[in-house]
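An overview of the molecular structure
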Amino acid sequence: MRSRHLLHCTAMLLLVLFATGVAVDGESAHARDIAVLATYAYPKYDRAAALQPLADVLAVRLKARVVVRLYESPRALVDAVRSGAADLAVTNTFAGLALLDAGDAQAAAVFEVPPRTAERYRGVLLARVASGPVDATTLAQTPQRWRLAQALRGSTSGGLVQDLHLAALGGSGDYAALNYAGSHEGALAALLAGEVDVAALADTPWREALAREPELASSLRELWRSPPIPPGPVVCRNGGRISCDAARKVLLGLHRDAPAALASLAGAWSEAAGATRLVTVDRDRYLDLAQGFRSADARTAALRRLLD
C-alpha cells in the first residue's frame, strides 16, 4: 500500500511540474517537443523566477509549450544553444559574443539601457605602480611574472573583458598566480594589500575608491579600461522549437504588451538596470570588445577558451 501511495504521489508531482511548465530535465523537454527558454544561474538572482513571466508570454503568443531551464555557467548555456537543447537564451555578454558568429543562432534582441547604466558598465585592469607591469602589453607578454586577482570566476566586467583584451595582445593567461577575490572590491583590496600585482575589476568600484581616496592614483596604475560593455543579447536558435521571427516580435513589443515580464527579466541582470525595452542588436558594439584579433576564428577560439 505504501509503495502504491508513493508511486501515486510521484506521478502526481510530475504531472504538476509538467502542467506548470517547469522542465524536469532537458531530455524530457526535448522528447515532448517543448520549447526551452534558458539562461545561466547566478547566486545573486533567482533567474528561473525572473524568466518565467517571459515564458508565459511566449507560450500564449506563440501557442507553444515553453519551459525555463537554468544552466550552471555561460559556457554551458552556449553549448545548450549549439546542441539544440535550448531554443531561446538570455545570455551574458560573453555568451552572446561566443554565439555572435554562429550559423545556428541569431541575436534576437537586447536590453536598451539608460546612458548612465551603459557608461558605468566597464572593466579595468589596475597594477601597483611600485611592482606591477607598466602596461597591458607587458602583462600579456610576461604573464608568469605577475600575480593577478579577478573579482569572480565568470565575471564579465571583473575578469572576462580583461582576459579577452589580453588574449588579443597575445597573452596566454599563464600567471604566477590567479586568485578570485569574491567581489570587485575584494580584488581591489588584494591589490592594495600587496597580495597581487594586478587586479581585474569593474570600473565603478575603482572610481568610487578614487573619489574616497584620491591618493590611490599615485600608487595604482590603470593599465586598461574597457569600452562600455553592452548587456548580453537574447539569442534564438535557428530551426528550433520557436520561430525566431515570431520570438523577436514578442521581445521587441514586450515593453508595450507585457511590461511586468520585461521588468522581471531586466531585474535579474545588474547591467540591465533601468532598461525600459528590448531593441534590435547592434553587432558592432559587441565586436568593439574583441578588437585586435587576427581573425573571427581567433576571436571565437579565445572566447570559447575563456568561457570554460
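I will try to describe carefully the structure that is included in this document.

Calculation criteria
Per chain, the residues get numbers from 1 upward, laid out in the order the sequence is written. Given that the model is predicted, a residue must reach a pLDDT of at least 70 before its local features are reported, and side-chain atom pairs must reach 80 or more before they are shown or counted; all residues, however, enter totals for whole chains, interfaces and linings. Heavy atoms from the whole structure form the basis of all side-chain values; hydrogens and water molecules are not counted. Any cysteine sulfur atom paired with another within 2.5 Å is treated as part of a disulfide. Accessible area is worked out with a 1.4 Å probe on protein chains only. A residue is then buried under 20% of its type maximum, exposed over 50%, and partly exposed in between. At least two bridges found by DSSP between two strands is the condition for calling them paired. Under the DSSP-based scheme used, a helix requires at least four consecutive residues in state H or I and a strand at least two consecutive residues in state E, with every element numbered from the N terminus. Each axis is a line fitted through C-alpha atoms, and for a helix only the stretch in contact is used; angles between axes span 0 to 180 degrees, taken between their N-to-C directions. Contacts are assigned to residue pairs that have any heavy atoms within 4.5 Å of one another. The working definition used for a salt bridge is a side-chain nitrogen of Lys or Arg within 4 Å of a carboxyl oxygen of Asp or Glu.

Notes on the state of the cysteines
Working definition of a disulfide: a covalent bond connecting the sulfur atoms of two cysteines. Counted by the stated rule, this structure contains one disulfide. Sulfur-sulfur distance for the disulfide between Cys-236 and Cys-244 comes to 2.1 Å. Handedness here is read from the sign of the S-S torsion; for Cys-236 and Cys-244, about -90 degrees, the answer is left-handed. Residue class for Cys-236 comes out buried when judged on its relative accessible area of 0%.

Considerations on the sheet that holds strand β4 (residues 105–112)
Within a beta sheet, neighbouring strands are joined by backbone hydrogen bonds and run either parallel or antiparallel to one another. In spatial order, the strands read β2-β1-β3-β10-β4-β11; together these six strands make up an open sheet with mixed pairing. At either margin of the open sheet sits one strand with a lone partner, and together these are β2 (66–71) and β11 (277–279). For this sheet, the mean angle separating the axes of adjacent strands, direction not counted, is 25 degrees. Examined bridge by bridge, strand β1 (residues 35–40) and β2 share six bridges and lie parallel to one another. Its bridge partner lying in β2, Val-36 is registered against Val-67. Set on the sheet, helix α3 (residues 47–62) makes contact with β1, β2 and β3 (88–90); between it and β2 the angle comes to about 155 degrees. Of the strands in this sheet, β1, β2, β3, β4 and β10 (234–237) touch helix α4 (residues 74–83), which is tilted by about 160 degrees from β1.

A look at the side chain of Asn-92
Position of Asn-92 among the secondary structure elements: in the loop between β3 and α5 (93–100). Here Asn-92 is in contact with Tyr-40, Pro-74, Gly-154, Thr-156, Gly-232 and Pro-233, once residues within four sequence places are set aside.

Observations concerning the environment of Asn-238
Along the chain, the position of Asn-238 falls in the loop between β10 and α12 (244–252). For Asn-238, a relative accessible area of 30% puts it in the partly exposed group. In this structure Asn-238 touches Gly-103, Asp-104, Ala-105, Gln-106 and Cys-244, once residues within four positions along its chain are discounted.

A few points about the pattern of salt bridges
Across all of its chains, the model carries 13 salt bridges by this definition. A salt bridge links Asp-79 to Arg-75, with the nearest nitrogen and oxygen atoms 3.4 Å apart. With Asp-79 and Arg-75 both in helix α4 and four residues apart, the pair spans about one turn of that helix. Owing to a relative accessible area of 30%, Asp-79 belongs among the partly exposed residues under this scheme. Here Arg-207 and Asp-203 are joined by a salt bridge, their closest N and O atoms 3.2 Å apart. Residue Arg-207 and its partner Asp-203 are located together in helix α10 (residues 203–212), separated by four residues, close to a single helical turn. Looking at Asp-203, the relative accessible area reads 3%, which means it is buried. Because the salt bridges share partners, they merge into one network encompassing Glu-119, Arg-122, Asp-203, Arg-207, Glu-222 and Arg-225.

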